[in-house]
Amino acid sequence: MTKAPPGRPDTSKSSVLSSEHLTRDLGRRTASGGGIALCAQILILLTQVGYMALMARLLQPDDFGLVAMAASVTAFVGVFADLGLSMVTIQRKEVDHDTVSALFFVNLGVGFGLMPLTWLMAPVATWLFNDPRVFYLVLVLAIAIPITAAGAQHKALLIRNMRWMSLHGVNLGSLLCGFSVGVAMAWGWGFKYWSLAAATLTTALVATIGLWILSPWRPTKVANWKNARSAINFGINYSGSQFTNYINRQSDNVLVGWKSGPIELGFYTRAYSLFMLPITLVSGPIGSVIIPMLSRLQTQPERWARTYLSAMRLTLMMNTILCTIITINAQEIVRLVYGENWSKSGAILMVLSLSLITSISGQFGGWALISLGRARELFVFSIFSSSIRFALFLFAIQWGALGVAVAWCITSWVFTPALWFYGTRDTELRFKDLVKAAAPFFCAYIVIVALFQVGDLIWPSIKVLSLSTAGDLALKSIIAIVIYGVFVVAPYRFAGSMLGDMRLFLDKDVPQGT
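Reference entry: report on the structure contained in this document. For clarity, every value in this text was computed on a predicted model and none was experimentally measured.

Attention shifts here to the overall build of the protein. Broken down by element type, the protein carries 22 helices and zero strands. When contacts within the protein are restricted to residue pairs at least 6 apart in sequence, long-range pairs at least 24 apart make up 85% of them. Accessible surface for the protein amounts to roughly 21,800 Å². Of this, 69% is attributable to carbon and sulfur atoms.

Written as structure tokens, this is what we have:
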């Protein structure tokens, strides 16, 4: 990589834009990043659960439903604010200052352009949901779009350079600030649903400010847009896949709110928030460190394949027991976090949680496509899967939020292996390699959940002999952990493969490929 022209920031190997130095101790950097991310996510999880538990007691389901209605609009538009350009910065083997500056200004311009477009959609949302309060919520929440866009490239550079402490420090700090504002407005001043909107804006603003403070890179005037054009093309395809993912994640909210109103939607969104916790806790952070690592290995197919399988097994090992605990304790978790008045959310969570392990595992196909620069193929698959899922949602909405939850569960079990097959085509991996790696975890999940379901039917008193909700949850979780440890983690051959996977991440250097 060459030196920058006079007056330009340095783009040499020591620059923040260079990733060549990361190939030394890449495994250790990734392993430490995963550890930091996991610890940070545990803190974030505890913060989120505490916030949701408190707000569920300060607000009504109607308040959560209203914000979910407005957020479905702003999230729809906000998908396009980044245009996938952050992933370009993370995935590319080399980037220069002009390219990143160009991506920054495109991000910022699109963000400010989408804010008034969102405002124009506010009347449509008001008509669709038949609630005038949604109009003003959309106007306010749209302000977060350009705020987030302003920090997108700074966040991408922190990820590219594997500065995990800085990245997760910003995430946790911004959440704490946002949640503090939300609780204060709900508790102290009774702002109801506006407290949730204020928490969202505060979180976005504090995060962007923190990213600018911690990232030394600053944008300047772009002298050459040549490299940026190909980067934008990749970003548009990736953004397209993110948009269709939005259809997956938000169309259910839109349909439940349209058909059943804000109260039913409030129950659904609270269940969905708990459903997403394992994905947020482990899978999201691991993906954020694995994709940069796999991207650095894209020119070394055999090493890429070994690392991919190891990351997949380690992710499943950590997530399977978490998925199991949530599935067998769905009702207890809702009662403990939200209170007795949210029992309907418990039934919805019970159904959604049956697809937890497949929802988590679906990301493995995305790892392959993104790290190899095959964003267009990811976009194509996303269009296909989102179209089918939306059609099934339309059919299931006649049974309300519970019917939509069943539709989500069915499609998740179908699309996950399909994405594995599609994502690893023309690579060193074969579909049966992925199935073999995942089989022990899927079998353990199915067997343990089935045992508890049968136990509840045959021996109702197994529900912890009238202990409290917390005691019931704790005892069932301990039993599940023991079964999982004995029959999955403990066997010698399987444990040996886990040690091999961990050693791969502790290798000192990554051989330099061509």
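After that view, the rundown keeps rolling.
Moving on to the pattern of salt bridges. Tallied over the full model, the rule gives five salt bridges. The residue glutamate 264 makes a salt bridge to lysine 344 at a minimum N-O spacing of 2.5 Å. Within this pair, whereas glutamate 264 is found in helix α11 (residues 262-275), its partner lysine 344 is found in helix α15 (residues 343-352), the two being separated by 80 residues in sequence. Assessed through its relative accessible area of 14%, glutamate 264 is described here as buried.

What follows deals with α11. Each full turn of the α-helix corresponds to 3.6 residues, which orients residues three or four apart in the same direction. In a regular helix each residue adds 1.5 Å, so 14 residues correspond to 20 Å; α11 covers 19 Å between its end C-alpha atoms and thus fits that length. With respect to burial, α11 is a largely interior element, 12 of its 14 residues being buried. Pro262, Glu264, Leu265, Gly266, Phe267, Tyr268, Thr269, Arg270, Ala271, Tyr272, Leu274 and Phe275 are the residues of α11 that are buried.

Turning next to the nonpolar core. Of all hydrophobic cores here, the largest spans 123 residues; its most connected members are Tyr308, Met312 and Trp367. Counting five residues, the second-largest nonpolar core is a separate cluster that includes Val95, Val100, Phe104 and Leu157.

Time to look at the environment of isoleucine 44. By secondary structure assignment, the location of isoleucine 44 is in helix α1 (residues 26-58). Separated by 132 residues in the primary sequence, isoleucine 44 and leucine 176 have C-alpha atoms spaced 8.7 Å apart. For isoleucine 44, the contacting residues outside a window of four places in its chain are Asn171, Leu172 and Leu175.

Position of valine 138 relative to the elements: it lies in helix α5 (residues 133-141). For the pair formed by valine 138 and proline 123, sequence separation is 15 residues and the distance between their alpha carbons is 9.2 Å. What valine 138 contacts, discounting residues up to four positions off in sequence, is Ala70, Val73, Thr74, Thr118, Trp119, Ala122 and Ala125.

Moving on: a nonpolar patch on the surface. Together, Val124, Trp127, Leu128 and Trp258 make up a nonpolar patch on the protein surface, roughly 470 Å² of accessible area in all. The element that contributes the greatest number of residues to the nonpolar patch is helix α4 (residues 97-129), accounting for three residues. As for its placement among the helices and strands, tryptophan 258 is situated in helix α10 (residues 226-260).

Along the polypeptide, leucine 176 turns up in helix α8 (residues 164-187). With relative accessibility at 41%, the residue leucine 176 sits in the partly exposed group. Separated by 30 residues in sequence, leucine 176 and valine 206 have C-alpha atoms that sit 9.7 Å apart.

Moving on, we get to the side chain of threonine 269. Among the secondary structure elements, threonine 269 is positioned in helix α11. Look at threonine 269 and you get buried, because its relative accessible area is 6%. Among the polar contacts listed, one links the side chain of threonine 269 to the backbone oxygen of glycine 266, at a separation of 3.1 Å. Dropping the residues within four chain positions of it, threonine 269 is found in contact with Phe64, Ala68 and Asn253.

Attention shifts here to the packing of aromatic side chains. All told, the structure shown has 25 aromatic pairs when counted by the stated rule. Relative to tryptophan 212, the ring of phenylalanine 104 lies with its centre 5.9 Å away and its plane at 70°, an arrangement referred to as edge-to-face. Placement of the pair is phenylalanine 104 in helix α4 and tryptophan 212 in helix α9 (residues 193-214), with a sequence separation of 108 residues. The class of phenylalanine 104 is buried, set by a relative accessible area of 4%. Relative to phenylalanine 442, the ring of tryptophan 420 has its centre 6.1 Å away and its plane inclined at 85°; by these criteria the two rings are edge-to-face. Of the two residues, tryptophan 420 sits in helix α19 (residues 400-423) while phenylalanine 442 sits in helix α20 (residues 431-458), which places them 22 residues apart along the sequence. No difference in accessibility class separates tryptophan 420 from phenylalanine 442, as the two residues are buried. Grouped by ring-pair contacts, the aromatic residues Trp304, Tyr308, Phe364, Trp367, Trp413, Trp420 and Phe442 constitute a single cluster. Residue placement shows arginine 389 over the ring face of tryptophan 408; its charged tip is 4.0 Å from the ring centre.

Here we come to the side chain of threonine 126. Mapped onto the elements of the fold, threonine 126 is located in helix α4. With residues up to four places along the chain from it excluded, the contact list for threonine 126 reads Asp131, Pro132, Val134 and Phe135.

Bringing the packing of α4 against α5 into the picture now. Each pair of packed helices can be described by the angle between their axes along with the distance between the axes. Here α4 crosses α5 at 155°, and the two axes come no closer than 8 Å. It follows from the interaxial angle that α4 and α5 lie roughly antiparallel. Crossing of α4 over α5 shows right-handed handedness. Packed against α4, whose contacting residues are Thr118, Trp119, Ala122, Pro123, Ala125, Thr126 and Phe129, the element α5 presents Val134, Phe135, Val138 and Leu139 at the interface.

The rules we used
- Residues numbered from 1 in each chain as written.
- Predicted model: local features only at pLDDT ≥ 70, side-chain atom pairs only at ≥ 80, totals over all residues.
- Heavy atoms only, no water.
- Helix = DSSP H or I, 4+ residues; strand = E, 2+ residues; numbered from the N terminus.
- Contact = heavy atoms within 4.5 Å.
- Areas by Shrake-Rupley, 256 points an atom, 1.4 Å probe, with all protein chains shown as cover.
- Salt bridge = Lys/Arg side-chain N within 4 Å of Asp/Glu carboxyl O.
- Buried < 20%, exposed > 50% of the residue type's maximum accessible area, 1.4 Å probe, protein only.
- Expected span 1.5 Å × (residues − 1).
- Core = buried A, V, L, I, M, F, W, Y, C linked by side-chain atoms within 4.5 Å.
- Patch = residues over 30% accessible without salt bridge, like charges linked within 9 Å, V, L, I, M, F, W, Y side chains within 5 Å.
- Polar contact = N/O pair within 3.5 Å; in protein donor to acceptor, adjacent residues only side chain to side chain.
- Phe/Tyr/Trp six-rings, centres within 6.5 Å; stacked < 30°, edge-to-face > 60°.
- Lys NZ or Arg CZ within 6 Å of the ring centre and 35° of its normal.
- Axes fitted to C-alpha atoms, helices over the stretch in contact; angles between N-to-C directions.
- Parallel < 35°, antiparallel > 145°, perpendicular 65-115°, else oblique.
- Left-handed = near helix turned anticlockwise from the far one by under 90°.

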